[in-house]
Amino acid sequence: MQDNATEVTAAGIARLAGVGRAAVSNWRRRHADFPKPVGGTETSPSFALAEVESWLRRQGKLAEVPLRERVWQQLAGHPEGPVTALTHAGCVLLLIHDRPTDWLELSAGSDERLAAMLPAALESVLTPRFGAGAGVRARGGRGVHRGPAARGASAVNGAHAVNTPSAVHRAPGGDKPAAVNTPPATHATSAVHTPTGPELLPSAPLLRGTAELAAELGARRTFEFLLGRHLDANPRQYTLTPAELAGLMADLAGPARTVLDPACGTGALLSAVTPHQGQELYAQDSAPDLAALTALRLALHAPGTVRGATGDTLRADAYPQLRAEAVLCHPPFNERNWGHDELAYDPRWEYGFPARNESELAWVQHALARLQDGGTAVLLMPPAAASRRSGRRIRADLLRRGALRAVIALPVGAAPPYNIPLHLWVLRRPEKADTQPELLLVDAGQFATEGRGGPDWRAVRDAVLDAWRPFDRAGRLDEQPGLARSVPVIDLLDDDVDLAPARHLPPATAADGAEQLTAVRERLGDTLRLVGGLTPPPADAAQPARWPLTTVGELARGGALVLRAGGNGGHARVPVLTDSDVLAGTEPSGTLPESDEEAVLTEPGDVVVPVLGGGAVSRVIGGATAGAALGRNLVLLRPDPSALDAWFLAGFLRGTANNRQASSYASTATRLDVRRLQLPRLPLDEQRRYGARFRALDEFERALRHAGRLGEHLVRGMYDGLTDGTVAPD
């Protein structure tokens, strides 16, 4: 089987050659020998990857396709779809991880020989890794199923899994796709099945490239790279659970030998658990694709036992006899078709039969039913679950019997839907005669930040764990006004049993009393005086310039600058510069998930540009920001100081017309092709003259932002002080 089974779009060709899409369109018109489309549509054709690579090399437009890009294009253009390709790649990576010499022997011959011999080798790895059912295929099946348009018993916002031609997928760990109404799956099956030889044959070139990449990066890093790239390429199909939230949930659950995620998505929650020998991880999802990807991901990540299952957890629980030490779950929200009619007499409803609109309380009780005595469950919940009247009797029984230990309100923007402050519920399977006289309530809403970067996760984590750990040891917590307190259960057992933390926490001590507000006012005055001094002088009129222009792509090819894209990799302790930080002009606020992928670290003089959102924004990296990892949706330009002035480069990249001509538009988003941004060809001295002016404008802009933040602080503090009586009206 030739590699021309893999297809690539015009956008993929542009990435391979380092040009804009317009250049690809020009090549198609001007060169009669340009490869003909082999698929796609008239408006979005696809081309055979091998033919494209050959043509680009003949034209001198492609010296060598980077290995990562070539493997990704093979995966994205796979004839059976990227998820099937990713699953095949994951199986082979597990074989390489566990039995590297077997892969070397299998890959020595032709693609046909590889595809014929690979199933037996894979089964010898999958069966001991995932259990007896892993290597056994259902008759007439297609290996790992590609289809369910499901949210259901899966990670977040679930529906139910069925085999259909096209899938709506979710991303790592409690992550959700758009809702689709599908019939429920009634039987749980093993998540990973051995693909057949005919199924593997179209994947043979991809598998060889994946193995080559694994030799460079390692099996685990290779799978994480391909999975992350797939999720980034399909942002509308996935709703990601942030890695920081997954880590916090794992920390709240504490170390555990057996851990279950009954709605696993692609495994972010279980991946956040600290791995150790002898550990057992159990995952289930109604979407077969996601359950398979989770199982493979965990097997490459964790040294212990991994069990993955496909099926609707509430209707077809794969682990009815399991009693885990910990359960982590981001369940589907607001599901009415969760099994209310079929499950009325299910023994899991120990604390009461959930109403039709209380699916989240069904998941809470499922989690408790799968815990051993004293085990801990942590669930992400919508805030309505803490106060809906239809759930008050179940909440009351959870409190009376000591099962519900803490309700933690997260900041707005912590997880989708980003406009709602979601809650974490911490539960514990009561020991015999165990009661919990107090409930911990925490409100971390004060750690929300502006923009799309999410909350201040470091502050959230410290505040939540500093409240939970002493409470967990002592059963009570001294009051922390505005942040946390433990409340006697008897005080919560009223007609509403409302557990929303904000309704039970006293206001914070006046941190913004009269003295501090006076200090803020003085700082605002100083800043406004600085803004006045930095205000640009009157603009001098000039005739429109007729400079010779070049593009960022041409400068990169000529060596005048280096272009790097941000990603997901790096060390967990390195701060991350996010696109929100660049847009808001703030310091690095993001964090990295645990990953072996190499990060792109910023250096002084780098220019960073966001590629999403349609705004004309750039930022020159200074000493305070240097050393941060470059986040997703950012492109870094590292100019050669002998050829390009950094401030000149950053200033011209901010031109509105420049950004407009370099942007492409989808129905809901604008994406900037940084390589198409233009700037004039000027001598270095002239560049520095412009650069000095751009730098002065940047200082003025930052001073304006600071003044705005101080003004908002002063206004809010005055309102709060006047309304709580800590500031006199006169």
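As named in an unreviewed UniProt entry, the protein chain is N-6 DNA methylase, taken from Streptomyces luteolifulvus.

Caption draft 1: Structural detail: the overall build of the protein chain. Of regular secondary structure, the protein chain possesses 23 helices and 23 strands. Looking at the protein chain residue by residue over its 730 residues, the buried ones come to 53%. Across the protein chain, every contact between residues at least 6 apart in sequence was considered, and the portion connecting residues at least 24 apart equals 73%. Accessible surface, the protein chain as shown: approximately 31,700 Å² in total, 51% of it carbon and sulfur.

Caption draft 2: View of helix 10 (residues 219-233). The end-to-end C-alpha separation of helix 10 is 21 Å, in line with the 21 Å expected for 15 residues at 1.5 Å each. Along helix 10, the positions that sit buried rather than exposed are Ala219, Arg221, Thr222, Phe223, Phe225, Leu226, Leu227, Gly228, His230 and Leu231. Tucked into the core, helix 10 has its buried residues touching helix 4 (67-76), helix 5 (82-98), helix 9 (204-217) and helix 13 (288-301).

Caption draft 3: Quick look at the packing of helix 9 against helix 10. Taken N-terminus to C-terminus, the directions of helix 9 and helix 10 make an angle of 120°; their axes are 7 Å apart at the nearest point. In terms of axis orientation, helix 9 runs oblique to helix 10. Here helix 9 and helix 10 pass one another in a crossing that is right-handed. Contact residues: helix 9 offers Thr210, Leu213, Ala214 and Leu217, while helix 10 offers Ala219, Arg221, Thr222, Phe225 and Leu226.

Caption draft 4: Up close: the environment of Gly228. As for its placement among the helices and strands, Gly228 is situated in helix 10. For Gly228, a relative accessible area of 12% puts it in the buried group.

Caption draft 5: How the structure looks around the sheet that holds strand 1 (residues 7-9). Spatially, three strands are ordered 1-3-2 in an open sheet, and the strand pairing comes out antiparallel. Two strands bound the open sheet, and with one partner strand each, they are strand 1 and strand 2 (39-40). Two elements, strand 2 and strand 3 (residues 45-48), share two bridges in a ladder whose sense is antiparallel. For Gly40, the partnering residue across the bridge sits in strand 3 and is Pro45. Taken strand by strand, helix 1 (residues 10-17) contacts strand 1 and strand 3, and its axis lies near 85° from that of strand 1.

Caption draft 6: Spotlight on the sheet that holds strand 20 (residues 634-639). The strand order 15-20-17-18 describes an open sheet built from four strands, whose pairing is antiparallel. Because the sheet does not close on itself, it has two edges, and the strands there are strand 15 (561-565) and strand 18 (619-620). With two bridges connecting them, strand 17 (residues 607-610) and strand 18 associate as antiparallel partners. In the sheet register, Val608 faces strand 18, and the bridge partner there is Arg619.

Caption draft 7: Representation of the state of the cysteines. Under the defined criterion, the tally for this structure stands at zero disulfides. Looking at the unpaired Cys264, the closest cysteine sulfur is the one in Cys329, lying at 9.7 Å. Overall, the relative accessible area of 1% leaves Cys329 in the buried class.

Caption draft 8: Highlighting the nonpolar core. Ranked by size, the top nonpolar core spans 95 residues in total, and within it Leu118, Leu252 and Leu424 carry the most contacts. With ten residues, helix 5 is the largest single contributor of residues to this core. Looking at which domains feed residues into this core, each of domain 2 (80-131 + 187-237) and domain 3 (239-282 + 311-503) gives three or more. In this view, Leu424 contacts Leu245, Leu248, Met249, Leu252, Val378, Leu379, Leu380, Ala406, Val407, Ile408 and Leu410; residues no more than four positions away in its chain are not counted. Among the nonpolar cores identified, the runner-up in size contains 42 residues, and Ala263, Tyr282, Val327 and Leu399 belong to it.

Caption draft 9: Geometry of the packing of aromatic side chains. Under the criterion given, the structure shown has 13 aromatic pairs. Each member of the aromatic cluster is reached from another via a ring pair, and the members are Trp547, Phe648, Phe652, Tyr690 and Phe694. Sitting above the plane of the Phe225 ring, Arg68 keeps its charged end 5.1 Å from the centroid. Above the ring of Tyr690, the side-chain terminus of Arg689 is found at 5.9 Å from the ring centroid.

Caption draft 10: Layout of the pattern of salt bridges. Here the structure, examined in full by the defined rule, presents 34 salt bridges. Here Glu224 makes a salt bridge to Arg297, at a shortest N to O gap of 2.9 Å. Linking Glu224 in helix 10 with Arg297 in helix 13, this pair joins segments that are 73 residues apart in sequence. For Glu224, a relative accessible area of 21% corresponds to the partly exposed category. The residue Arg401 makes a salt bridge to Asp397 at a minimum N-O spacing of 3.5 Å. Note on Arg401: relative accessible area 31%, which makes it partly exposed.

Caption draft 11: Structural detail: the environment of Thr527. Turning to its location among the elements, Thr527 is positioned in helix 18 (residues 514-534). Along the backbone, Thr527 and Gly708 are 181 residues apart, and their C-alpha atoms lie at a distance of 9.6 Å. Not counting residues within four places of it along the chain, the set of residues in contact with Thr527 comprises Ala703, His706, Ala707 and Leu710.

Caption draft 12: Broad picture of the packing of helix 18 against helix 23 (residues 684-724). It is the contact of helix 18 with helix 23, at a shortest axis distance of 9 Å, that shows an interaxial angle of 155°. In this view, helix 18 runs roughly antiparallel relative to helix 23, as classed from their interaxial angle. Seen along the crossing, helix 18 lies across helix 23 with a hand that is left-handed. Residues Leu517, Val520, Arg521, Arg523, Leu524, Thr527, Leu528, Leu530, Val531 and Leu534 of helix 18 form the contact with helix 23, whose participating residues are Glu699, Phe700, Ala703, Leu704, His706, Ala707, Leu710, Gly711, His713, Leu714, Gly717 and Met718.

About the criteria used
- Residues numbered from 1 in each chain as written.
- Predicted model: local features only at pLDDT ≥ 70, side-chain atom pairs only at ≥ 80, totals over all residues.
- Heavy atoms only, no water.
- Helix = DSSP H or I, 4+ residues; strand = E, 2+ residues; numbered from the N terminus.
- Buried < 20%, exposed > 50% of the residue type's maximum accessible area, 1.4 Å probe, protein only.
- Contact = heavy atoms within 4.5 Å.
- Areas by Shrake-Rupley, 256 points an atom, 1.4 Å probe, with all protein chains shown as cover.
- Expected span 1.5 Å × (residues − 1).
- Axes fitted to C-alpha atoms, helices over the stretch in contact; angles between N-to-C directions.
- Parallel < 35°, antiparallel > 145°, perpendicular 65-115°, else oblique.
- Left-handed = near helix turned anticlockwise from the far one by under 90°.
- Pairing = 2+ DSSP bridges.
- Disulfide = S-S within 2.5 Å.
- Core = buried A, V, L, I, M, F, W, Y, C linked by side-chain atoms within 4.5 Å.
- Domains from an automatic or database assignment.
- Phe/Tyr/Trp six-rings, centres within 6.5 Å; stacked < 30°, edge-to-face > 60°.
- Lys NZ or Arg CZ within 6 Å of the ring centre and 35° of its normal.
- Salt bridge = Lys/Arg side-chain N within 4 Å of Asp/Glu carboxyl O.

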